[in-house]
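Here is how the chains run, residue by residue.
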Amino acid sequence: MLMLEETSPLSSKMRISVDHEKLGNLSQNQVRFYLKYSSFVFRALKKPLFQKFLHWMLKKERIEEQTVKAVHVKVLPLRRKNGKGIAGNCDTARGRIRIYPKTTKFCQTFKQKFGRTNLLVYAGNRARAALIHELLHLKYIEDEKTVRELAKDYFCIFTQKHSLQSVHSLFIYKMIFNAKISGKKAPSSVPTDPSIRLKPNETCLRASGIFK
Ligand SMILES: [Zn+2]
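Notes on the structure follow. Note that the structure is a prediction, hence the values are computed from the model and not measured. (Residues numbered from 1 in each chain as written. Predicted model: local features only at pLDDT ≥ 70, side-chain atom pairs only at ≥ 80, totals over all residues. Heavy atoms only, no water.)

### Regarding the coordination of the zinc ion
Counted only if it meets this: Distances define the donors: N, O and S atoms within 2.8 Å of the metal qualify, as do those within 3.2 Å of Na, K or Ca. Water is excluded, so some sites may look unfinished. Every geometry call rests on angle ranges, with four donors termed tetrahedral when all angles are between 85 and 135 degrees, four termed square planar and six termed octahedral when opposite donors are over 155 degrees apart and all others are between 65 and 115, and everything else termed irregular. Strands are runs of DSSP state E lasting at least two residues, helices are runs of H or I lasting at least four, and both sets are numbered from the N terminus onward. Burial status follows relative accessibility: with a 1.4 Å probe on protein chains alone, a residue under 20% of its type maximum counts as buried, one over 50% as exposed, and anything between as partly exposed.
The protein atoms donating to the zinc ion are His133 (NE2), His137 (NE2), Glu144 (OE) and Glu144 (OE), with metal-donor distances spanning 2.1 to 2.5 Å. Coordination at the zinc ion is irregular, judged from the four donor atoms that bind it and the angles of 54 to 137 degrees they form at the metal. Spacing between the donor residues of the zinc ion along the chain follows H-x3-H-x6-E. Taken together, the residues span about one helical turn, with histidine 133 and histidine 137 both in helix 7 (residues 116-137) at a distance of four residues. Looking at histidine 133, the relative accessible area reads 0%, which means it is buried.

Written out as structure tokens, the structure is:
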């Protein structure tokens, strides 16, 4: 634990961040929801296992940890002009990364369909994938294609190592691939052996590449 703290300064640069003026437009319930969501994501991203993984990834990519100045877990979601939600973004000049939540509406529908536990796993993995993606932008600044490909690979390395040890987790994995709740059906032939390499395709892309 001590060693990990010494080698994971990234963790110390993480903050929950809220635009107070925007909170006024929301209902009490929504505010409560987003505060809970952000604190859950914050904890998920700070977990030693994930921090250790990020440390390894940054080292492998030769990205200095000091290039990361701040990681802000935003309380409120952000939408692009086309209405699509953003999972994260990166100010590469300043080394500042922001991670955004899903909307209350999305989460309600998701919870009704798949249950609370699956929603939590989904939200955690979405944020992890977003952080991996945005960290890679510090090196491959404008190269979205490379970032997406690498983010997909790294996200899959992490999930296969740490999250796909059960059928339950595989279900979540499938869901991230098929993020549209009412959309396409998940493929029925997902292997249950975690040692089998899944074909991530859109799953990881969806999870990690929908930002920027
Ligand atoms: Zn990107």
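### Overview of helix 6 (residues 104-114)
An α-helical segment advances 3.6 residues per turn. Residues three or four places apart therefore align on the same side. As a reminder, the rule being used: Taking the helix axis as origin, the arc is that swept by the directions to the C-beta atoms.
All of the buried residues along helix 6 are Thr104, Phe106, Cys107 and Phe110. Buried residues of helix 6 fall within an arc of 155 degrees about the axis and therefore sit on the same side. Structural note: helix 6 exposes Lys105, Gln108, Gln112 and Lys113 on the side pointing more than 90 degrees away from its buried face. At the exit of helix 6 stands glycine 115, carrying a positive phi of roughly 95 degrees.

### Some points on the pairing of strand 3 (residues 88-91)
The condition that has to hold: Strands are treated as partners if at least two bridges between them are detected by DSSP.
Bridge analysis of strand 3 against strand 4 (residues 96-99) gives four bridges, and the strand direction is antiparallel. Pairing of cysteine 90 across the sheet is with isoleucine 97, part of strand 4. Here strand 3 folds back onto strand 4, and the loop between the two strands holds four residues, one of which, glycine 95, carries a positive phi near 70 degrees.

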